[in-house]
Amino acid sequence: MASVVLSEAEKLYIVHGVQEDLRVDGRGCEDYRCAEVETDVVSNTSGSARVKLGHTDILVGVKAEMGTPKLEKPDEGYLEFFVDCSANATPEFEGRGGEELGSEIASTLYSVFSSGSTIDLKSLCINPREHCWVLYVDVLLLECGGNLFDAISLAVKAALFNTRIPKVCVLEDEEGSKEIELSDDPYDCIRLNVDNVPCIVTLSKIGYRHVVDATLQEEACCLASLLISVTSNGAFTSMKKVGKGSLDPESIFEMMETGKRVGKSLHIALQKILDEEESLGTSRQKVGFLG
Amino acid sequence: MATISMRLPVARKPVGPSASRGGEKHLVAPGDTITTDTGYMRGHGTYLEDEKLIASVAGAVERVNKLVCVKALKTRYNGEVGDIVVGRITEVQQKRWKVETNSRLDSVLLLSSMNLPGGELRRRSAEDELAMRDYLQEGDLISAEVQSIFSDGAVSLHTRSLKYGKLGQGVLVQVSPSLVKRQKTHFHDLPCGASVILGNNGFIWIYPTPEQKDEEAGGFTTNLEPVPLSDREVISRLRNCIVALVTHKLMLFDTSILYCYEASLPHQIKDILKPEVMEEIVLETRQRLLDLEG
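Quick notes on the rules
- Residues numbered from 1 in each chain as written.
- Chains lettered and ligands numbered in written order.
- Predicted model: local features only at pLDDT ≥ 70, side-chain atom pairs only at ≥ 80, totals over all residues.
- Heavy atoms only, no water.
- UniProt positions renumbered as here; feature names shortened; annotations may be inferred.
- Helix = DSSP H or I, 4+ residues; strand = E, 2+ residues; numbered from the N terminus.
- Buried < 20%, exposed > 50% of the residue type's maximum accessible area, 1.4 Å probe, protein only.
- Pairing = 2+ DSSP bridges.
- Axes fitted to C-alpha atoms, helices over the stretch in contact; angles between N-to-C directions.
- Patch = residues over 30% accessible without salt bridge, like charges linked within 9 Å, V, L, I, M, F, W, Y side chains within 5 Å.
- Areas by Shrake-Rupley, 256 points an atom, 1.4 Å probe, with all protein chains shown as cover.
- Salt bridge = Lys/Arg side-chain N within 4 Å of Asp/Glu carboxyl O.
- Lys, Arg positive; Asp, Glu negative; His and termini not counted.
- Charge placed at Lys NZ, Arg CZ, Asp CG, Glu CD.

Within an unreviewed UniProt entry, the label attached to chain B reads Exosome complex component RRP4, and the organism entered is Cuculus canorus. UniProt, in its Sequence similarities (unreviewed entry) section for chain B, records the words "Belongs to the RRP4 family."

With an unreviewed UniProt entry as reference, chain A is termed Exosome component 7, source organism Cuculus canorus. For the record of chain A, the UniProt heading Sequence similarities (unreviewed entry) holds the text "Belongs to the RNase PH family."

See the structure below:
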């Protein structure tokens, strides 16, 4: 993970500030930085989204491809995650430097989406045991400014909301072989229900309190963090502790309560912005990367 | 209660011609022809090709009699003797420290250019060399002055005055060096309750004003007392104001920072970083600065 070096006095200043609920940029312990969300930025994907949280910039693209269902779940489709930490983000990611972080994020995303209730995978099935939709979710880290996991989960949810899967119908021949027919209308597609898609909330322990949405400087002062994935109605789907410090069971419980509260507001804010973008329709001016 | 604000991105509006003194600036991008007149001498940021003078960096063209040079907007810090810089120690070597100052090469702080605690003046011994890490460690921030420049462009620093030395508690903001205005003094005690060091290399250090001037300390004893909440609010507000000024590419000097602080008082500290509030504050600051000049 990209990190900054701080002097002892600077770290002390940050820790004392968090104790008094006034962080360096004036935020409280439970405030997020201003986020910018835009969907449909990559034209050759089935769905895409870009999220800018302070200095953290994430691009997610979702491609829907036809594949064979897994043996243990013959009537469901599935998701595949791949995370690419580009060298644009920080020089540490040059060459194969970003691979470790990339695989850590990908495995976290797999565990977040592991519970069956997050996405209706049965709707991705075309022919049981033969054909199903596989959603390849590709995450690209453009800039690293702290709080990667939260921004990535917001972008994944926005991209899944934006995904349009073409409608197919299965025709049976006289010989019994099945043929898949794509509908002629390119706008005829199915959308995914993302109501139960969780968002990750990272709670970093600094001193005796915990903060949400830590910047790079704050991450340098924190010894342990808790990654919680929360759905919009407050249910947890996964939890992971990172960092070399230890966490008290009582503080874990407090962090979980904060995570639930913050997670619910996060979902409400994201859904509001996605609905607002949707309501602008095709007349929306796409800002993209050159705005 | 958590406050989370999300928004749709807004395309940057092309900035209208602002009423700046000195008339229109000739802006160039790398590869643009500056002039085809061969009578000019080429300065920094230009090169000669096919009898044409072409810019190699993106910036404004400056012409002094027969010398043409291009001053880039975003560049690494180019040291000049006498500049005040704020730097971070990256390495502790045998008789010197390597300091990161946002320039092309790490700057150098020699042990002999450093003040000993107590202000003693003596030859540096082997014990001093072994105790270097007790004075300055990797990650420490210092304020120093540029003593000289090596032939390869690396800057040599010195802290041979009691106002320079290790920095204590505070906040560092990193901006582009071209946005820091050259002034007589770069150490300011702002009337709003905090002090600021405007390093020429783009590192801005905001810290609580020390109560009494410890002349003997010379910056070696760091004050590790918790900073009171009122001072913290001033420092956070100043930090956000500086970020707002930098986003809108305004020159940073004590008056502009102070005007921006005053313009931001009606807003909450964390709201200053919202794009619409930032624009409003910077517009007001720009207006006051123009009124001051005109």
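Still more ground to cover, so stick around.
Peer 1: Tell me what's going on with the environment of Lys-178 of chain A, and back it up with residues and numbers.
Peer 2: Residues and elements named next belong to chain A. Of note, Lys-178 is situated in strand E9 (residues 178–182). Classification of Lys-178 by relative accessible area gives partly exposed; the value is 37%. Separated by 51 residues in sequence, Lys-178 and Asn-127 place their C-alpha atoms 9.1 Å apart.

Peer 1: Describe the sheet that holds strand E6 (residues 52–55) of chain B, and please don't skip the residues or the numbers.
Peer 2: Residues and elements named next belong to chain B. An order of E3-E6-E5 is seen for the three strands of this open sheet, with the pairing classed as antiparallel. Across the chains shown, the open sheet's two edge strands, defined by having one partner strand only, are strand E3 (33–35) and strand E5 (46–49). The average angle at which neighbouring strand axes cross in this sheet is 45°, direction not considered. In terms of strand pairing, E3 meets E6 through two bridges, oriented antiparallel. When the bridges of E6 are listed, Thr-33 appears paired with Ile-54.

Peer 1: Any chance you could break down a negative patch on the surface for me, citing the residues and the numbers?
Peer 2: Side chains of Glu-179, Glu-181, Asp-184 and Asp-185 of chain A sit close together on the surface and give a patch of like negative charge. Its relative accessible area of 80% is what places Asp-184 of chain A among the exposed residues.

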